[in-house]
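# Analysis of the macromolecular model
Residue-level listing of the chains:
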Amino acid sequence: MHETIQEAETVERVHWRSISAAIASISVVGIAIGLGIPLLSVILESRGYSPSMIGLNTAVAGIASICAAPLATPIAMRFGVVWTMFAMIIAGAVAFVGFYFAPSFWMWFPLRAVLHFALTVLFILSEFWISTCAPPHRRGLVLGIYATVLSLGFAAGPWLFSQIGSTGLLPFGLTFCLVMIAAIPVVLARSESPKIVSEGGKGGFFRYIWMVPTATAAVLVFGAVETGGFALFPIYGQRIGYSEADAALLLTMIGLGNVMLQIPFGMISDRIADRRWLLLICAATGLIGTLAMPVLAGNWHVMAGLLFVWGGVVAALYTIGLAHLGAQLSGRDLASANAAFIFCYGIGMILGPQVIGIFMDIFGPNGFGWALALFFGGYMAIGLGRIAAKSGLSRSEA
């Protein structure tokens, strides 16, 4: 009995240490996106590039994510989870600093591709690591913690941006240092990382997009809103009268909302039989908040309060979508579905900046909100359609 208890305690220690290492790596993603995307957009805006061109460059991130999704698992199988993650951290950090030294606009495209290829692999392997460590009955809570740390990076990034500005080497050098520090716990946990074992089987991860469409559509919308919104919100804010610093602080409010609401939403999702209804509530909140932005934009403090709630609820699309995926699948299917999940996130990263940028070119500042509303409304149609289809099937079987 004593040995059994001791063994259980050892497993528990390994469990939380492994989760901590994975969460530390994902903090890299939060800081890089939270500081990097608005920073790069403001620099391009200052050089005279249009929102659609900025969106085009940002959309390269989505292409890189799509390419990385099917390659992450084979690379990790070849070199190991930890060393693959460590290599991606270094590659992402070096690529980010490279933007400062790249004088020509075309150079930003391969740099953006390398940066987001690395970040995508980190996403996939971190979530795989967490999925293998998190007890099923606490998956929502663990994913909530995971998303909260990611959101802390999102909040810290724009706040740092508002403090140090967009000029000089400082914002690039600071991000590089933070990323390298976050790599330390990953390397220290190298002996406790999970292994990816080939189990054979046929069929790629693409089929998993259609197996749980409510989850994959949720992350597609989140990817579009997050990437496009973060990239173009500073420009939107400046065009409706906010200073660069005030617009950056509004992004910080979105990040703070993410931090405060992910763990509660994760815990709620553990207690709901059908998470699709919770996903629909999040999408509806996103739609209402988006339509309210132009009305409330005249008061910075009211706008900040709106974005605090709006950002936290919208970010829950990712947390709850991932939990919904884990509830529907397990084992190798879950690992493959996670790659498809990130693949759809990459599609959203392509669509979001382009659609929002084009809408802003055509309709002016209001195009920002109208484009976001299009994404939320589309998701609500998909979610309601899936629930209605399942309800109709249940009646016919009865």
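Up top is the structure.
Everything numeric in this text was worked out from a predicted model, so none of it was measured. (Residues numbered from 1 in each chain as written. Predicted model: local features only at pLDDT ≥ 70, side-chain atom pairs only at ≥ 80, totals over all residues. Heavy atoms only, no water.)

### Some words on empty space enclosed by the protein
Leftover empty space is mapped by rolling, across the atoms, a probe with the size of a water molecule. How we decide: Cavity and pocket criteria rest on a 1 Å grid covering protein atoms alone: a 1.4 Å probe that fits but cannot get out defines a cavity, protein on both sides within 12 Å along at least 5 of 7 lines defines an open pocket, and an atom within 4 Å of a point defines a lining residue. Grid points are joined across faces, edges and corners, and a volume is the space filled by probe spheres set on the points. The numbering of helices and of strands both runs from the N terminus, where a helix is a DSSP run of H or I of at least 4 residues and a strand a run of E of at least 2. In this count, Pro and Cys sit with the nonpolar residues alongside Ala, Val, Leu, Ile, Met, Phe, Trp and Tyr, while Asp, Glu, Lys and Arg are called charged and the others, Gly among them, polar.
Tallying each qualifying case throughout the model produces six cavities of 30 Å³ or more. Taken as a whole, the largest cavity spans an internal volume of roughly 160 Å³. Lining the largest cavity are 17 residues, and of these Val225, Glu226, Phe230, Ile254 and Trp310 lie nearest its centre. Only α9 (213–239), α10 (244–269), α12 (300–328) and α14 (366–397) provide two or more residues apiece to the lining of the largest cavity. Looking at which element gives the most residues to the lining of the largest cavity, the answer is α9, with six residues. Split into classes, the residues belonging to the lining of the largest cavity amount to 13 nonpolar, three polar and one charged. Its volume calculated, the second largest cavity comes out at about 80 Å³. Lining the second largest cavity are Glu127, Ile130, Ser131, Ala134, Arg139, Leu143, Leu322, Gly326, Leu334 and Asn338. Those elements that provide at least two residues to the lining of the second largest cavity are α4 (108–133), α5 (139–164), α12 and α13 (331–363). Broken down by element, the residue count for the lining of the second largest cavity peaks at three residues, all from α4.

### So, the side chain of Glu226
Note the cut-off: The classification of residues rests on relative accessible area computed with a 1.4 Å probe and restricted to protein chains. Under 20% of the type maximum is buried, over 50% is exposed, and intermediate values are partly exposed. Positive residues here are Lys and Arg, negative ones are Asp and Glu, while His and the chain termini are left out of the count. The term salt bridge refers to a side-chain nitrogen of Lys or Arg lying within 4 Å of a carboxyl oxygen of Asp or Glu. In this description, contact between two residues means that some pair of their heavy atoms is separated by no more than 4.5 Å.
With respect to the helices, strands and loops of the structure, Glu226 is situated in helix α9. Here Glu226 is buried and forms no salt bridge, its nearest opposite-charge partner Arg112 lying at an N-O distance of 11 Å. Discounting chain neighbours no more than four positions away, the residues touching Glu226 are Phe154 and Tyr345.

### Description of the pattern of salt bridges
Under the criterion given, the structure shown has one salt bridge. Among the salt bridges present, the one from Asp270 reaches Arg275, with a minimum N-O distance of 3.6 Å.

### Notes on the nonpolar core
The condition is simple: Definition used in this section: a nonpolar core is a set of buried Ala, Val, Leu, Ile, Met, Phe, Trp, Tyr and Cys residues joined via side-chain atoms within 4.5 Å.
Formed by 124 residues in total, the largest nonpolar core has its most connected members in Phe123, Trp129, Met303, Trp310, Leu317, Tyr318 and Phe368. The leading source of residues in this core is helix α1 (residues 2–46), at 16 residues. If sequence neighbours within four positions are ignored, Met303 has contacts with Tyr236, Tyr242, Leu250, Met293, Leu296 and Ala297.

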